[in-house]
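# Observations on the model geometry
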Amino acid sequence: MQEDKNVMRKTLSRILPFAAMLLVLLVLLSATAFAAGDPTEEPGTKMIECPDCGTLGICTQCYGLDPACEACGGTNVCATCGGTGYVTSPSRFFNTAWSLLPPVIAIALALITKEVYSSLFIGIVVGGLLYSNFQFETTVLHVFNDGIVASVTDSYNMGILIFLVILGAMVCLMNKAGGSAAFGRWAKAHIKSRVGVQLMSILLGVLIFIDDYFNCLTVGSVMRPITDKQNISRAKLAYIIDATAAPVCIIAPVSSWAAAVSAFAEDGQGFSLFLRAIPYNYYALLTIVMMVALVLLRVDYGPMAKFERNAVEKGDLFSGSNPYADSDDDVNETKGSVMDLVLPVLVLVVFCVIGMIYSGGFFSGVGLVEAFSASDASVGLMLGSAFALIVAFVYYMVRRSMTFKEMMGCIPEGFKAMVPAIMILTFAWSLKGMTDSLGAKYFVRDFVSQSAAGLQMLLPVIVFVVGCLLAFSTGTSWGTFGILIPIVQGVFSMDNPMAIICISACMAGAVCGDHCSPISDTTIMASAGAQCDHVNHVSTQLPYAITCAVISGLTYLVAGLLTHFGAPGVLALPVGIVMMLGTLLFIRRRVGTIG
């Protein structure tokens, strides 16, 4: 009986936060906002882009060149929208709190059942039902045609999937050549402690600041053999990878994230705003402080403590399921050299950097910073990894590390190793497509715009919290930038110190929500990089991310009050650092140390 009560108590503790979140979202249903010229910018809008002409308002079948055109009769006016470029959404749930229901259901189910595939798919189906007003045929077509198929055929997404497969093949090559084992032997001889290995993982993650996808998979590939030797759980490695991915990229001026922020800001101020906002990006900065302090203090808490104790005391790195178990090949631990891992990774880094600046027009005369700002991470990583794979083939052939047939066999093996990540990414992208089709971004935009009308000293913390909830529910930090940054620019003059703090709060909230969300592509990539069960990674990381989020929210509150009363807002950062270190010292006193 007592055991049943404990199970019920744990289940309720998981359900209640999401029920509370959903209740808040439903209460906010009546939020209003500002109006603009674009009909999709009006408060409570039900308008969407015309699916046939895409806001052009013209006939895309004949472009007015065929007087006998069956679609327009020679008028060159789109018959679907009547020339306006916009139509009313077919869903009665568009731009309401119900638009956030699909991701809330998917996230809650994933955390409760610890089964991510079915949870995401159920969320997608709920989105299809809401879009179609519960019509069976329209639901099926929307889920598969506009959701799953559209996400896989999108050129950006396909580039990321190709990059994943190529990286999987390279990891397989490095393992078969003995490079990973050799690097593990070197690390065991030179790095004697768990603290040293974790600090090395953090340092490597900080150095690879160009792109979060690249960061996750590269750091995971390099550090897995070393962390395994020191009995560091895969969940802890996944946390370190995730905490040095987006939080580092969002404060690195030369990164794909800087490019995204620059693109979303108006009047060409993007890069300047990004640089000015770095000292106020409290969640990113405090995440790095927290991560280093956790390692140096040798403290873990929440579910992570159980995983770390199992790794230290029992040698169990997974504490449960290992979805990548079938990808572990029997490798000769005595062959290979450190260069068999280091050289291919260095070539991969160099070629991916070249690929990114190529996609930004660097070789067409564009400056280096501008090329990074305009880069396409999907194209750059895909091209860079493809050339790196060719170099790896040639290198291992010259070294005679394996036969040509064995090298070719690494391609399907690498694909197989990345199947869990590819499936989760595909479902997560599809779920985002569902929330987009339901107008979730317009609902959140209206709420934030109304909040901006008063209590400006509290606006940084309000923007931060809304950014967290939006990124957590949709799994996209870049989409959150796109919604919130233009709103802040519309509320404040960029000469106002409060504006920079709110811009940084947009970015910090987006990274925080992305860091917490099980449907975030960066979180999925971190699981893949560490080859850790995805739900285990999310459940162990969540207490750390929430701790940092609460302290960051308090820091934004302090920054807003300081700025409102004329003091420099940057003084809030040392306050946040002191709160973070004090919190961790208190936790250490309560739970003790591990390792």
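Data block above holds the structure.
In this report, we go over the structure that sits alongside the text.

Rules used in this analysis
Residues numbered from 1 in each chain as written. Predicted model: local features only at pLDDT ≥ 70, side-chain atom pairs only at ≥ 80, totals over all residues. Heavy atoms only, no water. Helix = DSSP H or I, 4+ residues; strand = E, 2+ residues; numbered from the N terminus. Expected span 1.5 Å × (residues − 1). Bend = angle between axes of the 7 residues up to and from the residue. Buried < 20%, exposed > 50% of the residue type's maximum accessible area, 1.4 Å probe, protein only. Polar contact = N/O pair within 3.5 Å; in protein donor to acceptor, adjacent residues only side chain to side chain. Axes fitted to C-alpha atoms, helices over the stretch in contact; angles between N-to-C directions. Left-handed = near helix turned anticlockwise from the far one by under 90°. Contact = heavy atoms within 4.5 Å. Nonpolar A, V, L, I, M, F, W, Y, C, P; charged D, E, K, R; others polar. Patch = residues over 30% accessible without salt bridge, like charges linked within 9 Å, V, L, I, M, F, W, Y side chains within 5 Å. Areas by Shrake-Rupley, 256 points an atom, 1.4 Å probe, with all protein chains shown as cover. Salt bridge = Lys/Arg side-chain N within 4 Å of Asp/Glu carboxyl O. Phe/Tyr/Trp six-rings, centres within 6.5 Å; stacked < 30°, edge-to-face > 60°. Parallel < 35°, antiparallel > 145°, perpendicular 65-115°, else oblique.

A few words now on helix α24 (residues 534-564). The end-to-end C-alpha distance of α24, which contains 31 residues, comes to 42 Å, matching closely the 45 Å that a straight helix rising 1.5 Å per residue would cover. Along α24, the sharpest kink reaches roughly 35 degrees, centred on L542 and followed within four residues by the proline P543. Along α24, 22 of the 31 residues are buried, which leaves the element largely enclosed by surrounding structure. N-cap assignment for α24: the residue whose side-chain oxygen lies 3.3 Å from the backbone N of V535 is D533. One or two residues past the end of α24 sits G566, with phi positive at roughly 90 degrees.

Okay, the packing of helix α13 (residues 282-297) against helix α25 (residues 572-591) next. The geometry of α13 relative to α25 is characterised by a closest axis approach of 10 Å and an angle of 30 degrees between their N-to-C directions. Crossing angle aside, the handedness with which α13 passes α25 is right-handed. Taking contact as the criterion, the partners of Y282, L285, L286, V289, M290, A293, L294 and L297 in α13 are, on α25, A572, L573, G576, I577, M580, L581, L584, L585 and R588. A per-class count over the contact of α13 with α25 returns 15 nonpolar, one polar and one charged.

A cluster of nonpolar side chains, contributed by V350, I354, Y358, F362, F363 and L368, occupies part of the molecular surface with about 570 Å² of accessible area. In terms of residue count, helix α15 (residues 339-359) provides more of the nonpolar patch than any other element does, three residues in total. Within the fold, Y358 resides in helix α15.

Right, let's get into the packing of aromatic side chains. Here the structure, examined in full by the defined rule, presents 12 aromatic pairs. Considering the side-chain rings of F93 and W98, the 6.5 Å spacing of their centres and the 75 degrees angle between planes classify their relative orientation as edge-to-face. A relative accessible area of 13% means that F93 is categorised as buried. The class of W98 is partly exposed, set by a relative accessible area of 33%. Taken together, a centroid distance of 6.5 Å and an interplanar angle of 75 degrees make the contact between Y280 and Y282 edge-to-face. Looking at Y280, the relative accessible area reads 17%, which means it is buried. Among the aromatic residues, ring-to-ring pairing joins Y280, Y282, F464 and Y556 into one connected group.

Under the criterion given, the structure shown has six salt bridges. Across the pair R399 and D340 runs a salt bridge, and its minimum N-O distance is 2.9 Å. Of this pair, R399 sits in helix α17 (residues 377-399) while D340 sits in helix α15, placing them 59 residues apart in sequence. Taking relative accessible area as the criterion, D340 reaches 0% and is therefore assigned buried. The residue D436 makes a salt bridge to K432 at a minimum N-O spacing of 2.8 Å. Of this pair, D436 and K432 both sit in helix α18 (residues 404-437), four residues apart, which is roughly one turn of the helix. Residue class for D436 comes out partly exposed when judged on its relative accessible area of 40%.

A few words on the side chain of S504. Topologically, S504 is positioned in helix α22 (residues 497-516). On the basis of relative accessible area, S504 is assigned to the buried category, the value being 0%. Leave out the neighbours within four places in its chain, and S504 touches A277, Y280, N281 and Y556.

Our next topic: unusual backbone geometry. A positive phi angle, near 60 degrees, is found at N76, a position not held by glycine. Within the fold, N76 resides in the loop between β1 (47-49) and β2 (86-88). Its identity as a non-glycine residue notwithstanding, N231 has a phi of 55 degrees, on the positive side. With respect to the helices, strands and loops of the structure, N231 is situated in the loop between α8 (212-229) and α9 (234-243).

Here we come to the environment of F393. Topologically, F393 is positioned in helix α17. Classification of F393 as buried rests on a relative accessible area of 15%. Setting aside chain neighbours within four positions, we find F393 in contact with L173, M407, M408 and I411.

Let us look at the packing of α15 against α17. α17 packs onto α15 with a crossing angle of 150 degrees between their chain directions and a minimal axis gap of 7 Å. Between α15 and α17, the interaxial angle falls into the category roughly antiparallel. For the pair α15 and α17, the crossing hand works out as right-handed. Its residues assigned to classes, the contact of α15 with α17 comprises 18 nonpolar, five polar and two charged.

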